[in-house]
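The chain contents come next:
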Amino acid sequence: MQKYLLRRALFALGTLIGVSLIIFVVLRILPGDPLVAILGVEGHAKMAPADRAVLMRDLGLSDSLPVQYVRWMRDIATGELGKSFFRGDTVRDLILHRGPLSAEIAILALIISWLVGLPVGILSATRPNGWADAVVRSLSVLFIAVPGFWLGLLIVLALLFWFGYKAPIIIVQLWENPWQNFQLIIGPAVVLGLAQGAYIARMSRSCLLEVIREDYVRTARAKGAVERAVVMHHALPNALLPVITISGVLLGFVLGGSVAVEQAFGVPGLGRALVVAIVERDIVVVQNLVLLYAGIFVLVNVLVDMSYAWLDPRIRYQ
Amino acid sequence: MADRTRSKSRSSSVTRRSFLKTLGIAGAAAGAGPAVLRSPAEAQETPFRDPAAKPGGTLRYGVHTAPAHFDVHQSGTVANIGAQSPMYDTLIRRDPRDGQTIIPDLAFKWDVAPDGKKYTFHLRKGVKFHDGADFTAEDVKATYERIVRPPKGVVIPRSSLFTTVGEIVVPDPHRIEFRLTEARPRAFMLGAFASGWNIIVRKKTLDDNQGNLRQVMAYPGTGPFRHVSRRDKEVWIMERNPNYWNKGLPYVDKLEIYHLLPFSPELGAAFLSGKLDYARLLDPISWRKAKEMPGVTAAVFNQSVIQTFYMNQKKVKAFQDVRVRRAIHLAMDRHVLVDVVKDTAPMQIGGFVYPFHEASTPKAELEKRLGYQKDPKAAIQEAKKLMQAAGYGQGIKGLDFLIRGGANTFKLWAVAIQAMLKEHLNVECNLREVQISQWFEEAAAGNFDLGITAIVSALMDPSDYFSSWYGKDAPNNYGGWTNEQFHSLARNIEREVDDNKRKTMIRQAEDILESDPPLIPVAYEQICDAWYNRVHGQNPSKYFGIYDVVRWDQVWMAQS
C-alpha cells in the first residue's frame, strides 16, 4: 500500500512539474502585453522604450526564462505563490479569499450530480426502454449539450426580470452569512451539477444494466430478495465503481466549467479570477491558478484510485 | 430591412438632437467673443451647496472593474478614477451641476497673466491630508512636476497637456505659479488643470515611493472621503472625511464602490435588482429597462472616446493613395454601423472632431456631407469613382483586418464593415480578432492592413487629440499618416489664443481630414448611467466623459 502511494505521489509530482512547465512556457509564448492592462490603452501608446524596460524589469519579465521559472517554484515552496502584476496582492491571498467559494460550488455541484444522476440512472436501468427511460435519456442528453454559461445567463436573467432578484454581488463566506453564501453558490452549483448529473445518470444506467444481468444478481432474486434490495444491495455497489471513476474526471469538468459559469452568474470565485487574469495577462495569477486546478485534478484522481480497494475488496494495490 | 434599421436609428437620436441643440446654443453664445465664452465656463466662487441636501446614508455605486494599479496619474481608465477620486481633490474642477464650468477646488482663485504665459493659483489654508499632514503648495509642485516631467518608468498619459509648462514656482506656501514657455488657449490650460486625473498627492508620499504609486493603496489625499477597506475586484469602501476643508460636505457618510464589468449583464442586474443606487456604464438593454422603471432616472451622455478604423499606409501601397482612403471613408454607412451596435453600446455619428464640440461641424451640416448622409447611395457612387480613378476599380484582395477583442462592438462592426467594403468597393479582407493587449502590440508594430479599435482623449479640446490621434508619428497614428498642411495647422491651433480664429482653424483642419483621412471615425461612444431617485446632486446629462466629475461630495441620499 505504502509503495503504491509513494509511486502515485511521484507520478503526481511528475505530472504537476510537466503541467507547470507547459503553463509557464505557453504563457510566455502567447502574444499580448500586460502593460496594456497596467497602463491603459492611452498610457501604453505613449510609453517610451526606456519606460517599458523599467516596467518589464519591475514585473520580473525581463529576466531569463529559467530564472523566472525558478523564482516561481521558490514562491510555491514558500507558499507565497507570487504577486499579481497589478495590485500587488499575493496569489495566496487571492486563493484563500476566493477559493472557499469555488470549492463550495464544486462540492455542491458534485453532490447535486450524484443526487440527480444516480436515482435517474437507477430508474432508467430498472425500467429500460420505457417512457421514463426515454424521458430521462433525452433530458440527460439535453443537459450534456447545453453550455453551462448560457444556461447560467438564462437563469440570471429569468430571476432578474421575473422576480427582480440578483444574488449578492460580493463574496460572502459561509461563516459570515450562510444564507447569502448559499444564494451565491446555488446557481452555479445547480448548472454545473445538472450537466455532470447527466453523465452520472448515463454511466450508472449502463453499468447497472450490465450488472443486473450477472449471475449473482439472478441468484439474489432466486433467493427471494425483493427487487429493491437486489438493486440497492447487490447490483448497485458493484455498478458504482465506474461511476466513481467518472466522478473524478467530472470534477475536472466542474473546475473547468466553473470558469465560464462563475462568469455567467457574476460569482467572484477563482474561475472568474482566472478569466480576469487571462484578459489582463496577469501571468503570475494565471500560472498559479492553472497549476492549482491541475493539482486538485491529480489529487482527486489519486483519491479515486485509492477508493477502489475500499469499495471492491477484490482489488489489491501492487 | 435597411430602411427599417435607419428609421429606428432616427427615432433613437431625438435625445441626442435636443442635447446637441442645447450645445449649439451654448456654442453660439461662445461665438460672441472670448469674454462671453469665459464667463460661464469659469466661476471663481465657493463651491455650490444644495440647501435641500440631507446628510447621511450610504451611496452604493457600481463602476467598472478593479483598477490594475493604484496610481491615478499613471492610469488611463475609469477603473482608477471612478474608484479612487472621492479620496482626492484637484487644483480646480468641473462643476458637478453641468460638468462644464470650471470652479475652485484646492485653489480658491486663479489669475492668468495677460500674455497667457503664467497661471497663478491661490491655495486654501488649513487643508489637511487624511494622514493629518498640512496641504501646501509644495505638494502641488511635487504633483505637477511628476505629471509634467514623469520620472523614468512612470508613464503619465496626460503629460502631453502640459508640454508648455516650464518652471513651477512656489512663491509662498499657499500660492503656486506655472510658467509656460509659450501661451496656450486659456480654456485648454484650465481644462487641463481641471481634469479629474490630476489629483493632488502629498510630496512625502511621492518621495517615499520614488514617484511611483502603482502598488501603493490608499495613499493620503485631501478629498471628501477616506479609505476604509478594499476587497480586490469586489468593492472599495470609503467613509466621510470629517475634516474636509469644504465644511458640510460630503453629504453621504459612506461610499461603497462596486467593481462590475462595464456594459455587462452583471452590472445591469445589480442595478435593476436594487443592489446599487447608481450605475455607470450600463449596457443599453439594461439602461432601457432601467429607464422604464418607476423611481429611476436614466441619462446618456458623451464620452471622450472615438471608435476608429485604421488603414495601414506603411504596409499597404493602395492606402498611400488618398483616393482609396477617401473611398473607404465614403463606403461606410455610419447610420447602419451605429444601429448594428445599439444593443451593445450607445454610439453617435461624428467626423474627425468630437461632434458635440463647439468648433466641430454642426450635425445638420455634417449629415449633408458624403459619408454621413442617411442615404448612402451618393457616397457609395463617389467612392466607386475614386477607386476607379486610383486604379483599384477591381478592388483589393486579401487584406488582414485586425479586430480588437474583448468588446462585442468591434466584432459586430468588423463583420458589417467587411460586408460593406466587399459589396461597395470589392475590397476583401480576412477578419483576425486578437486580445486587446495584443491588438495594441500588433498595431504599434504595424502588423495589420486594416484595424478597428477605440482611442481616447483627456480633453474635448482638439489640441489634445489632434497631436495624439493624427500627429506625425503620434502614439495613436497607427496608420502612419502624414499631411504637412494639417500638422502645421494643428501646431497653429495649439498656439492660437483667440477663440474665434481657433474655431475657424479647427474647421479648416476638419476639411483637410475629410479629404485626406488619417483614420476613419466609425462612431463616438456615449455613456449610459442610471440611478434611483433617492440619489440627488448629480446628473451627468451634460458631462463630457467620465473622468472629470467623479467625486460624489455633493451627492445626497433622500431616505436619510
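The structure presented is a predicted model; accordingly, all values stated were derived computationally and were not measured.

Colleague: Go over the overall build of chain A, please, and point to the residues and values.
Modeller: The secondary structure content of chain A amounts to 12 helices and 0 strands. Helices and strands appear in chain A in the N-to-C order α-α-α-α-α-α-α-α-α-α-α-α. Each of the three principal axes of chain A carries a C-alpha extent, and together these read 85 × 60 × 35 Å. Considering chain A as a whole, with its 318 residues, one finds that 40% of them fall into the buried category. Pairs at least 24 residues apart make up 75% of the contacts formed inside chain A by residues separated by at least 6 positions.

Colleague: Which residues make up helix α12 (residues 283-311) of chain A, and what are the values?
Modeller: Three or four residues apart is the spacing at which side chains of an α-helix point the same way, because the helix has 3.6 residues per turn. Its 29 residues give α12 of chain A an end-to-end C-alpha distance of 42 Å, which sits within 8% of 42 Å, the value for a rise of 1.5 Å per residue. Here α12 of chain A has its buried residues at I283, V284, V285, V286, Q287, N288, L289, V290, Y293, A294, F297 and V298 of chain A.

Colleague: Please set out the pairing of strand β6 (residues 165-172) of chain B residue by residue, giving values where relevant.
Modeller: Residues and elements named next belong to chain B. As judged from the 4 bridges shared by β6 and strand β7 (residues 175-180), these two strands associate in the antiparallel manner. Bridge pairing in β7 places V169 opposite E177. Here β6 folds back onto β7, and the loop between the two strands holds 2 residues.

Colleague: Mind laying out the confidence of the model for chain A, listing which residues take part and the relevant values?
Modeller: Reading fine detail from the predicted coordinates is not recommended where pLDDT is low. The predicted model of chain A has a mean per-residue pLDDT of 86, with 98% of residues at 70 or higher. Put simply, helix α2 (residues 34-45) of chain A is where chain A has its lowest mean pLDDT, 77, and helix α4 (residues 65-78) of chain A is where it has its highest, 92.

Colleague: Which residues make up the pairing of strand β14 (residues 396-404) of chain B, and what values go with them?
Modeller: Residues and elements named next belong to chain B. Bridge count between β14 and strand β15 (residues 427-434): 7 bridges; the pairing is parallel. Paired with L399 across the two strands is C429, which belongs to β15. Crossover β14 to β15 through helix α14 (residues 408-425) is right-handed. For β14 and strand β16 (residues 450-456), the ladder comprises 3 bridges, and the chain directions are parallel. Residue F401 lies in a different strand from β16, and its bridge partner there is L450.

Colleague: Could you give an account of the environment of H536 of chain B, with specific residues and numbers?
Modeller: Assignment of secondary structure puts H536 of chain B in strand β18 (residues 535-536). With 356 residues separating them along the chain, H536 of chain B and L180 of chain B place their C-alpha atoms 40 Å apart.

Colleague: How would you sum up the interface of chain B and chain A? Please name residues and give values.
Modeller: The interface is formed by 37 residues belonging to chain B together with 41 residues belonging to chain A. Elements supplying a minimum of two residues to the side of chain B that touches chain A: α8 (265-272), α15 (436-445) and β16 of chain B. Here the side of chain B that touches chain A is composed, by residue class, of 16 nonpolar, 13 polar and 8 charged.

Colleague: Outline the sheet that holds β6 of chain B, listing residues and values.
Modeller: In a beta sheet, neighbouring strands pair by backbone hydrogen bonds and run either parallel or antiparallel. All names here are of chain B. If you trace the 4 strands from one edge of the open sheet to the other, you get β4-β5-β7-β6, paired in antiparallel fashion. Bordering the open sheet on either side are β4 (107-112) and β6, each of which pairs with just one other strand. Strand-to-strand twist of the sheet, defined as the mean angle between neighbouring strand axes without regard to direction, takes the value 20 degrees. The strands touched by helix α5 (residues 137-148) within the sheet are β5 (118-123), β6 and β7, with β6 carrying the most contacts at an inclination of about 175 degrees.

Quick notes on the rules
Residues numbered from 1 in each chain as written. Chains lettered and ligands numbered in written order. Predicted model: local features only at pLDDT ≥ 70, side-chain atom pairs only at ≥ 80, totals over all residues. Helix = DSSP H or I, 4+ residues; strand = E, 2+ residues; numbered from the N terminus. Buried ≥ 20, exposed ≤ 12 C-beta atoms within 10 Å, placed from the backbone. Contact = placed C-beta atoms within 7 Å. Expected span 1.5 Å × (residues − 1). Pairing = 2+ DSSP bridges. pLDDT = per-residue confidence, 0-100. Right-handed = clockwise from strand over helix to strand, strands pointing away. Nonpolar A, V, L, I, M, F, W, Y, C, P; charged D, E, K, R; others polar. Axes fitted to C-alpha atoms, helices over the stretch in contact; angles between N-to-C directions.

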